[in-house]
Amino acid sequence: MIGKLTGRIEYRAVDHILIDVRGVGYLVFCSERTLAGLPPVGEVAAVYTDMLVQETNLQLFGFSTLAEKEWHRLLISVQGIGAKASLAILGALGPDGVGRAIALGDWNAVKAAKGVGPKIAQRVVLDLKDKAPAMMAMGGTVAEALGDADAKVIESPAPRKKAAPAPNASAQSEALSALSNLGYAPGDAAGAVAQAAGEAPDAQTTDLIRAALKLLAPKE
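Residues numbered from 1 in each chain as written. Predicted model: local features only at pLDDT ≥ 70, side-chain atom pairs only at ≥ 80, totals over all residues. Heavy atoms only, no water.

Peer 1: Where do I start with the packing of helix 7 (residues 169–181) against helix 9 (residues 205–216) in this structure?
Peer 2: A pair of packed helices can be characterised by two numbers: the angle between their axes and the separation between those axes. With their axes 9 Å apart at the nearest point, helix 7 and helix 9 run at an angle of 50° to one another. Taken together, helix 7 and helix 9 sit at an angle that is classed as oblique. For the crossing formed where helix 7 meets helix 9, the hand is right-handed. Contacts between helix 7 and helix 9 involve A171, Q172, E174, A175, A178 and L179 on the former and, on the latter, T205, L208, I209, A212, L213 and L216. Broken down by class, the residue content of the contact of helix 7 with helix 9 amounts to 9 nonpolar, 2 polar and 1 charged. (Axes fitted to C-alpha atoms, helices over the stretch in contact; angles between N-to-C directions. Helix = DSSP H or I, 4+ residues; strand = E, 2+ residues; numbered from the N terminus. Parallel < 35°, antiparallel > 145°, perpendicular 65-115°, else oblique. Left-handed = near helix turned anticlockwise from the far one by under 90°. Contact = heavy atoms within 4.5 Å. Nonpolar A, V, L, I, M, F, W, Y, C, P; charged D, E, K, R; others polar.)

Structure representation (structure tokens):
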């Protein structure tokens, strides 16, 4: 199983790239969002990958972060969601957006992805709602790890900038942990944190916790 590729981009298409790794070219299909974040042809890039194995077909799908890859694996576990639909959802919302939409039960946001109808969008939210808290927490952990990781470049090494963490990912993870320690159910905590983060994308951990607690407070 190929989990990551680092090499030179030889070709870019609408939905995939050809990446040369030590003379071997790999076709890697990516979401629009991932493709937009990759460097131009001729430069070195690294992508996390997931392989689809079928009787007459092998395909590689590429992701900019491990969190995005794990959301892809969860999305394709939903009946009616194939790799193409998963990439469309991730391309439209990004991994953090997918987590927020599912935590909030916002199937309309999922439906905004090309080729995803209302019934499938509702199924995604229902099937993955219980898994959203763990994935949202993972997003913060992965963002911190990637910020300090050095990529090993195959050819012509050049200084690599640290990957910028996804907006608010670490703060959301810490807020979720704090609310869980206070005894709130994971689903309720994830929904409140997702709503608070959506209203204040740059909020820090303490601010997110305060906002989430207000949302979770019993309504009079």
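Peer 1: Can you help me understand helix 2 (residues 66–75) in this one?
Peer 2: The buried count for helix 2 comes to 7 of 10 residues, which makes it a mostly enclosed element. Turning to helix 2, its buried residues are A67, E68, K69, W71, H72, L74 and L75. (Buried < 20%, exposed > 50% of the residue type's maximum accessible area, 1.4 Å probe, protein only.)

Peer 1: Help me understand the pattern of salt bridges, please; the structure alone is not making it clear to me.
Peer 2: A side chain of one charge can pair with a side chain of the opposite charge when the charged atoms of the two come close. Enumeration over the complete set of coordinates arrives at 2 salt bridges. For the salt bridge of D50 with R73, the shortest nitrogen-to-oxygen distance reads 2.5 Å. Remark: R73 occurs in helix 2 and D50 occurs in strand 4 (residues 44–54); sequence separation between them is 23 residues. Salt-bridge contacts for R210 lead to D207; the nearest nitrogen and oxygen are separated by 3.3 Å. With R210 and D207 both in helix 9 and 3 residues apart, the pair spans about one turn of that helix. (Salt bridge = Lys/Arg side-chain N within 4 Å of Asp/Glu carboxyl O.)

Peer 1: What exactly am I supposed to notice about the environment of A175 here?
Peer 2: With respect to the helices and strands, A175 occurs in helix 7. Exposure remark for A175: the relative accessible area of 0% places this residue in the buried category. Through-space distance from the C-alpha of A175 to that of A190 is 9.0 Å; in sequence the pair is 15 residues apart.

Peer 1: Would you explain the packing of aromatic side chains in this entry?
Peer 2: Ring pairs (aromatic) are described by centroid distance and by the angle formed between their planes. Taken as a whole and judged by the stated rule, the model has 1 aromatic pair. Seen in terms of ring centroids, F29 and F61 are 6.0 Å apart; in terms of plane orientation they differ by 45°. Their pairing is tilted. Of this pair, F29 sits in strand 3 (residues 24–29) while F61 sits in strand 5 (residues 57–63); the two residues are 32 residues apart in sequence, bridging distant segments of the chain. A relative accessible area of 18% means that F29 is categorised as buried. Classification of F61 by relative accessible area gives buried; the value is 5%. (Phe/Tyr/Trp six-rings, centres within 6.5 Å; stacked < 30°, edge-to-face > 60°.)

Peer 1: I'm lost on the pairing of strand 4 in this one. Help?
Peer 2: As a general feature of sheets, a regular strand has side chains that alternate between the two faces. Here strand 1 (residues 4–12) runs beside strand 4; their pairing, made up of 5 bridges, is antiparallel. Residue pairing for strand 4: T6 is matched across the bridge by A46. Two elements, strand 4 and strand 5, share 7 bridges in a ladder whose sense is antiparallel. Considered in strand 5, the bridge of Y48 is made with F63. If you look at the hairpin formed by strand 4 and strand 5, you'll find 2 residues sitting between the two strands. (Pairing = 2+ DSSP bridges.)

Peer 1: Could you clarify how one ought to interpret the layout of surface pockets in this entry?
Peer 2: Rolled over the atoms, a probe with the dimensions of a water molecule shows which regions are left empty. As a volume, the second largest pocket reaches approximately 530 Å³. Surrounding the second largest pocket, 19 residues form its lining, D15, E32, K84, L87 and A88 being those nearest its centre. Elements represented by at least two residues in the lining of the second largest pocket include exactly strand 5 and helix 3 (83–104). Looking at which element gives the most residues to the lining of the second largest pocket, the answer is helix 3, with 7 residues. The class makeup of the residues in the lining of the second largest pocket is 11 nonpolar, 4 polar and 4 charged. (1 Å grid on protein atoms, 1.4 Å probe; cavity = no way out; pocket = protein on both sides within 12 Å on 5 of 7 lines; lining within 4 Å. Points joined across faces, edges and corners; volume = space filled by probe spheres on them.)

Peer 1: Sorry, what's going on with unusual backbone geometry here?
Peer 2: Glycine aside, residues mostly have negative phi angles, and peptide bonds mostly take the trans form. Within the chain, R22 stands out as a residue other than glycine whose phi angle is a positive 55°. Topologically, R22 is positioned in the loop between strand 2 (16–21) and strand 3.

Peer 1: I'm lost on the environment of K111 in this one. Help?
Peer 2: Here K111 lies in helix 4 (residues 107–111). Since its relative accessible area comes to 32%, K111 is described here as partly exposed. Residues K111 and A92, spaced 19 residues apart in sequence, show a C-alpha to C-alpha distance of 9.7 Å. Contacts of K111, omitting those with residues within four sequence positions, involve V116, G117, P118 and A121.

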